[in-house]
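Topology and contacts: notes
So the chains spell out like this:
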Amino acid sequence: MAEYGGKVVPADFTSGNMLFEPILEEGVFRFDCSADDRDAAFPSLSFTNQKNRDSPIMNQNVPVYTPTFECVLGQQIVTIELPTGTSFYGTGEVSGQLERTEKRVFTWNTDAWGYDSGTTSLYQSHPWVLAVLPNGEAMGILADTTRRCEVDLRKESTIKFVASSSYPVITFGPFTSPTAVLISLSHAIGTVFMPPKWSLGYQQCRWSYDSAVRVLEVARTFREKGIPCDVLWMDIDYMDGFRCFTFDQERFPDPKSLVKDLHLNGFKAIWMLDPGIKREDGYFVYDSGSVNDVWILKADGTPFVGKVWPGPCVFPDFTQSKARLWWARLVKDFISNGVDGIWNDMNEPAVFKSVTKTMPEDNVHRGDAELGGCQTHSHYHNVYGLLMARSTYEGMKIANENKRPFVLTRAGFIGSQRYAATWTGDNLSNWDHLHMSIAMVLQLGLSGQPLSGPDIGGFAGNATPRLFGRWMGVGAMFPFCRGHSEAGTVDHEPWSFGEECEEVCRLALKRRYRLIPHIYTLFYIAHTTGTPVATPTFFADPKDPSLRKVENSFLLGPLLIYASTIPDQGLDELQHKLPKGIWLSFDFDDSHPDLPALYLQGGSIIPLGPPYQHVGEADPTDDLTLLVALDEHGKAEGVIFEDDGDGYEFTKGGYLLTHYVAELHSSVVSVRVSKTEGSWKRPKRNLHVQLLLGGGAKIDAQGTDGDPLQITMPSEREVSDLVSTSKKLFRNRIEFSSLKPCYNYCYQMNQIGQESAKCIPDVQEVSGHKGIELSSTPIELRSGDWALKVIPWIGGRIISMMHLPSGTQWLHSRIEANGYEEFSGVEYHSAGWSEAYAIIERNLEQAGEEESLKLEGDIGGGLVIERQISLPKDNPKVFRVDSGLIARSVGAGSGGYSRLVCLRVHPMFNLFHPTQSFVSFVSIDGSKHEVWPEADEQFYEGDLRPNGEWMLVNKCLGLALVNRFDINEVYKCLVHWGTGTVNLELWSEQRPVSKQSPLTISHEYEVRGIS
């Protein structure tokens, strides 16, 4: 042992300033703990060219900020301190707030179904932070390691990375803007692949459209209802017994014919492929993979077998070039069925019936030398999804070099954008997830992945009409636009929630299709320069600190989208925080309380197209519209990129990039082409120019594209009248569409001669399964260290248990299952789980009482479960639950006693780091216990019960959730380890109860730091 800073530390402890070398380009530096650490670092899987990271360049500049390091017990801890007032973003696919100060995440790709704002590991890993300095400059910091990495931003203006030694840290900047940082990052990790234009249209998915007949029915309904859509998706049920690269011969007997019919109606077809290959002799994929020796191995050298959808499965080792080529050839053959795109799911990789939700970390990958060679799964886990997506992408290119591949991947790593789009995983159908989806899409864009979006409407649970319509309104503006929902929920197509919601979805998607020329142009610029597509509002003015936490608006280039994510707050009630400068509002004569507000930045021109039903309807000779907003100097500029929409001719000059300018001189606005690039000739087409005046007003002019167009500005008085009239029409439309009941609105709108746009009913249906239509609005209790959410509904569950100081969400829950539950018997899901609970008492802290809530659920036979949840004012570190099984009206014929019952407290807790988590306690007899996940399920009775306290320990977080209880009320304790979860159950004795002899359990929770 040695001494450091007055503390005793292990002998292998080292620390100091990191050594630097300039790499890649000016302003980029590589830092290592020492020269030996530099030599020991693994190859980079994030950089497109390994030499760019490992080869210093000639540059005399020195870094502005130098990280420090500590190396101890095999861990490398890197800290970089930045000026006070610095804001943090990035960290990839993360839930919760946009600005990341006070947050901590762990890069470990995890099947995170039903995640919430406190979940610390999702499906992708981006050990990257974008720091915006107080003066508006920005820099990026990348911990270039594939291993599990802690990204700790809990200390203001300080970044800390913790991962296994040794790894380099790469800094980009400071540069003049966040955009400049992301461009520099793209020079290291590559830019997004150029998407085919059809992939920017709306895409409809479901787990699952279970037959070709159902798929064609959905396609036909889109066209009949005039709702734009380009793509239909096939989930795992198209397969024969979930075997990849096969088709169910009864439900999908002729995939080529199905795809042909879809293509004739303007639809593309995307099909799912998972990594788990069924271990079954005679199955051609398993047989060929075994012959080619491509499977991941266990530590003993035999193929690892884990259970996924098909049952026992083996997994391709994508770290080997021969395995990637084997998979790519399978993909090539699969494409011959008419497949337009491929969806890689479950590729964290997810494994069922495993407490870690994945394969053992000591599994063996026989990786290529340039990737890092033969290593355990802990080394390659985070890049498994990236390498699978790469293999799929390469297989599609082999199949047809004249088409751009489209791959969607659930798991990924920084750099995945080179091969695939992504989505934000298995989200929930609730308002929190709608709000969170904006920040999640933006964070991915700020981490190098611009092509992403959420499952619109939410994957798990049932959306309400207003939730779905509102989500479609903002989702239609995301870079990737797809609706998707889980089996067992109600249908989630745009027409599934009534005619009012259907109309809002139609309007929202028509907006998107009008904007596709602009969105496609943004992707061309992103592909060629590395700029993001969707950005936070503060990108318009990085120096303005008041914009840095705005989460309900974002930019698509100069286009600002402002959305409401609050149920009772429509467009008319939304407070708009705009960046400085000129921002002119507009719409497409489609304003609606449930659609976002649109603004165009002064000085900008964006291209618009017709609202096609699908991208394939477009023709280069179609009319082109330019939307123009002049700046304070009377000028504006913009660009449109045009090509075939697919293939690679654009890389050989086969495109047209047109730069337009507008200038005001002596009351005349001239619009002209200022510059062009590419070998395409300009199509002969009409040009429409819409010049925004403010307040939604605009004037129109027409001409021929390529020729100068002049617009005579109206007088100031005429402009004022146009703006006034536009505002009145907007106000009438919004106010009348918000009227309740809606039938009054239709009459009044017709009276003023404006087209009706009915409001979406405010129906608060539950986010649960079919047939359930009860209220599910959570009640929040917040005091001291805790913020709880309770659903006074079926089960009366506590669904959120957020420890505020650590930002840790302890519960694993959704509204209709899991979380904190209580049962009335020794059987799992006995009465109490599915009964309705009502609030019988509530005290609010601001009323002078401690924050508390009492619920009661009738479980039949004259019995109720009563639960009081309280946050004591005298002890802010704990919250308390007092529960009882009480006889209210037990019949006299039973002697006043109930049936045999047992009060069973059943909380389900998240395991953020399953291999680093265990349950610890001292028994009544004094014996010490550490119960690890391998124990599966353990009961503790008699003197083996915890002596009034046990705790769930997370060594990685350095935290323990302590549960204290009255040992006289608890007769049995149960630990049950699930997949990424653990139950710590308290059981009362089992006996009948009467009015005089209830069963009660009182207990409390507290979070404690551990060393």
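None of these values were measured; they are calculated from a predicted model. The numbers attached to residues start from 1 for each chain and follow its sequence in the written order. Selection of residues for local features in this predicted model requires a pLDDT of at least 70, selection of side-chain atom pairs for listing and counting requires 80 or more, and totals for whole chains, interfaces and linings are taken over all residues. With hydrogens and water excluded, all non-hydrogen atoms of the structure serve as input to the side-chain values.

Thoughts on the overall build of the protein chain
Working definition: helices are DSSP H or I runs of at least four residues, strands are E runs of at least two. Numbering for both runs from the N terminus. Counting secondary structure elements, the protein chain contains 14 helices and 63 strands. For the radius of gyration, the atom set is restricted to C-alpha positions; the globular benchmark scales as 2.2 Å times the number of residues to the power 0.38. A globule of 1011 residues ought to have a C-alpha radius of gyration of about 30 Å, and the protein chain, at 30 Å, matches this closely. Summary of the burial criterion: residues with accessible area below 20% of their type's maximum are buried, those above 50% are exposed, and those between are partly exposed, where the area comes from a 1.4 Å probe applied to protein chains only. For the protein chain, buried positions account for 63% of its 1011 residues. In what follows, residue pairs with any heavy atoms lying within 4.5 Å of each other are defined as contacts. A fraction of 68% describes how many contacts in the protein chain between residues 6 or more apart in sequence connect residues 24 or more apart. Only the protein chains shown count as covering a residue, and every accessible area follows the Shrake-Rupley method with a 1.4 Å probe. Here the protein chain has roughly 36600 Å² of accessible surface; of this, 49% comes from carbon and sulfur atoms.

Examining the pairing of strand β60 (residues 959-965)
The buried fraction of β60 amounts to seven of the seven residues, a majority that puts the element mostly inside the structure. Because side chains alternate across β60, one face comprises the buried residues Leu959, Leu961, Asn963 and Phe965, and the other comprises Ala960, Val962 and Arg964, equally buried. Pairing between strands is defined by DSSP: at least two bridges between them are needed. A loop of four residues connects strand β59 (residues 946-954) with β60, the two strands running antiparallel in sequence, and Gly958 in this loop sits at a positive phi of about 70°. Pairing analysis gives seven bridges linking β60 to strand β63 (residues 999-1009), with the strands arranged antiparallel. Bridging across to β63, Asn963 finds its partner in Tyr1005.

Observations regarding unusual backbone geometry
At the junction of Ser165 and Ser166, the peptide bond is cis and its omega measures out at -5° in the coordinates. Residue Pro349 is reached from Glu348 by a cis peptide bond, and omega for that bond is 5°. By secondary structure assignment, the location of Pro349 is in the loop between β22 (341-344) and β23 (364-366). Of note in this structure, Leu24 is not a glycine but carries a positive phi near 65°. Note that Leu24 resides in the loop between β4 (19-22) and β5 (28-32). Backbone geometry places Thr91, a non-glycine residue, at a positive phi of 60°. Here Thr91 shows up in the loop between β8 (87-90) and β9 (104-107).

Some words on the sheet that holds β9
In spatial order, the strands read β3-β6-β7-β14-β13-β9; together these six strands make up an open sheet with antiparallel pairing. Only two strands of the sheet have a single partner each, and these edge strands are β3 (14-17) and β9. On average, adjacent strands in this sheet sit at an angle of 15° to one another, irrespective of strand direction. Strand direction decides the pairing type here: strand β7 (residues 75-81) and strand β14 (residues 158-164), joined by seven bridges, are antiparallel. Looking across to β14, one finds that Thr79 is bridged to Lys160. Working convention: axes come from line fits to C-alpha atoms, limited for helices to the stretch in contact. Angles between N-to-C directions cover 0 to 180 degrees.

Quick notes on the nonpolar core
Grouped together as the largest cluster of nonpolar side chains are 176 residues, with contacts concentrated most on Phe172, Tyr238, Trp271, Phe406 and Phe554. Here this core takes 15 residues from helix α12 (residues 499-529), the largest share from any one element. The residues contacting Trp271, other than those within four sequence positions of it, are Met234, Tyr238, Phe247, Phe252, Pro255, Leu258, Val259, Phe334, Val339, Gly341, Ile342 and Trp343. As used here, the term nonpolar core means buried Ala, Val, Leu, Ile, Met, Phe, Trp, Tyr and Cys residues forming a set that is joined through side-chain atoms within 4.5 Å. Judged by nonpolar contacts, the second largest core, of 52 residues, contains Val790, Tyr940, Leu959 and Val1007.

Focus: the pattern of salt bridges
Whenever a carboxyl oxygen of Asp or Glu lies within 4 Å of a side-chain nitrogen of Lys or Arg, that contact is scored as a salt bridge. Within this structure, the stated rule accounts for 55 salt bridges. Asp300 is paired through a salt bridge with Lys298; the nearest N and O atoms lie 3.9 Å apart. Taking the relative accessible area as the measure of exposure, Asp300 reaches 56% and is therefore exposed. Among the residues examined, Lys298 registers a relative accessible area of 33% and is labelled partly exposed.

Examining helix α3 (residues 178-189)
For the α-helix, the turn length of 3.6 residues means that residues three or four positions removed from each other point alike. The terminal C-alpha atoms of α3, which comprises 12 residues, lie 16 Å apart, in line with the 16 Å expected from a rise of 1.5 Å per residue. Buried within α3 are the following residues: Pro178, Val181, Leu182, Ser184, Leu185, Ser186, Ala188 and Ile189. Structurally, α3 contributes buried residues whose contacts are with β5, β11 (128-132), β12 (138-143), β15 (169-175), α10 (431-445) and α12. A positive phi of about 90° marks Gly190, the residue just after α3. Given a helix with a known number of residues, its expected span is that number minus one, times 1.5 Å.

Quick notes on the packing of aromatic side chains
Here is the rule: rings of Phe, Tyr and Trp (six-membered ring for Trp) pair when centre to centre is within 6.5 Å. Planes less than 30 degrees apart are stacked, more than 60 are edge-to-face, and the remainder are tilted. Scanning all chains against the criterion turns up 54 aromatic pairs. Between Tyr393 and Tyr419, the ring centres sit 5.8 Å apart and the planes meet at 65°, which makes this aromatic pair edge-to-face. Highlighted residues: Tyr393 in helix α9 (residues 384-399) and Tyr419 in the loop between β26 (412-413) and β27 (421-423), separated in sequence by 26 residues. Tyr419 carries the same exposure label as Tyr393, and that label is buried. Through a chain of ring-to-ring contacts, three or more aromatic side chains come together here, namely Tyr238, Phe245, Phe247, Phe252, Trp271, Tyr286, Trp295, Phe318, Trp326, Trp327, Phe334 and Tyr384.

Some details on the pairing of strand β62 (residues 981-991)
In terms of burial, β62 is a largely internal element, eight of the 11 residues being buried. Judged from the six bridges that link them, strand β61 (residues 972-977) and β62 form a sheet pairing that is antiparallel. Among the inter-strand pairings, Lys972 is bridged to a residue of β62, identified as Trp987.

A short note on the sheet that holds β4
Within the open sheet, the six strands sit side by side as β4-β5-β15-β12-β11-β8. Their pairing is antiparallel. Either end of the sheet is taken by a strand with one partner, and the two such strands are β4 and β8. Ignoring strand direction, the axes of neighbouring strands in this sheet form an average angle of 25°. Pairing analysis gives five bridges linking β12 to β15, with the strands arranged antiparallel.

Details of the confidence of the model for the protein chain
When pLDDT is averaged across the protein chain, the result is 91; 93% of the residues are at 70 or more. As a per-residue measure, pLDDT reflects the predictor's confidence and takes values from 0 up to 100. Note on residues 1-6: pLDDT under 50 across the span, and 14 contacts to partners over four residues away in sequence or across chains. Per-residue pLDDT stays below 50 along residues 739-754; that stretch engages in 26 contacts with residues further than four places along the chain or on separate chains.

Let's talk about helix α7 (residues 321-335)
Helix length check: α7, at 15 residues, gives a terminal C-alpha distance of 21 Å against a target of 21 Å (1.5 Å per residue), a fit within 8%. Along α7, the positions that sit buried rather than exposed are Ala323, Arg324, Trp326, Trp327, Ala328, Leu330, Val331, Phe334 and Ile335. Here the buried face of α7 lies against β18 (268-273), β19 (277-278), α6 (284-291), β22 and α9.

Quick look at the packing of helix α11 (residues 465-475) against α12
Closest axis-to-axis distance for the α11/α12 pair is 8 Å, and the angle between their directions is 5°. Considered as vectors, α11 and α12 are oriented roughly parallel to each other. Residue-level contacts link Pro465, Phe468, Gly469, Met472, Gly473 and Gly475 of α11 to Cys501, Val504, Cys505, Ala508, Leu509 and Arg512 of α12. For this scheme, ten residues count as nonpolar: Ala, Val, Leu, Ile, Met, Phe, Trp, Tyr, Cys and Pro. Four count as charged, namely Asp, Glu, Lys and Arg, and the remainder, Gly too, count as polar. Grouping the constituent residues of the contact of α11 with α12 by class yields eight nonpolar, three polar and one charged. For classification purposes, an angle smaller than 35 degrees is called roughly parallel, one larger than 145 roughly antiparallel, one from 65 to 115 roughly perpendicular, and anything else oblique.

Quick look at the environment of Gly706
Looking at the element boundaries, Gly706 is found in the loop between β42 (697-704) and β43 (709-712). On the basis of relative accessibility, which here comes to 35%, the residue Gly706 falls in the partly exposed class. Sequence separation between Gly706 and Asn686 is 20 residues; the distance between their C-alpha atoms is 9.4 Å. Residues contacting Gly706, with those up to four places away along its chain left out, are Val673 and Arg682.

Structural notes on the environment of Lys698
Residue placement: Lys698 occurs in strand β42. For Lys698, a relative accessible area of 25% translates into the label partly exposed. Along the sequence, Lys698 and Leu722 sit 24 residues apart, while their C-alpha atoms lie 7.8 Å from each other. The residues contacting Lys698, other than those within four sequence positions of it, are Asp587, Gln690, Leu691, Leu692 and Leu693. Within polar-contact distance, the side chain of Lys698 engages the backbone oxygen of Asp587 at 3.3 Å. Side-chain atoms alone can form a polar contact between residues adjacent in sequence; in general such a contact is a pair of N or O atoms within 3.5 Å, and within protein one must be able to donate a hydrogen while the other accepts it.

Let's talk about the state of the cysteines
Any cysteine sulfur atom paired with another within 2.5 Å is treated as part of a disulfide. Taken as a whole and judged by the stated rule, the model has zero disulfides. Lacking any disulfide linkage, Cys229 is separated from the closest cysteine sulfur, that of Cys481, by 9.0 Å.

Brief notes about the packing of α10 against α11
The geometry of α10 relative to α11 is characterised by a closest axis approach of 10 Å and an angle of 5° between their N-to-C directions. Classified by the interaxial angle, the pair formed by α10 and α11 is roughly parallel. Between α10 and α11, the residues in contact are Trp431, His433, Leu434, Ser437 and Ile438 and Arg466, Leu467, Arg470, Trp471 and Val474, respectively. The residue makeup of the contact of α10 with α11, split by class, is six nonpolar, two polar and two charged.

Here's the deal with the environment of Pro596
Residue placement: Pro596 occurs in the loop between β34 (583-586) and β35 (597-601). Its relative accessible area of 2% is what places Pro596 among the buried residues. Considered as a pair, Pro596 and Ile561 are 35 residues apart in the sequence and their alpha carbons are 6.2 Å apart. If we ignore the near neighbours within four places in the chain, the residues touching Pro596 are Gly473, Val474, Arg511, Ile561, Tyr562, Ala563 and Leu571.

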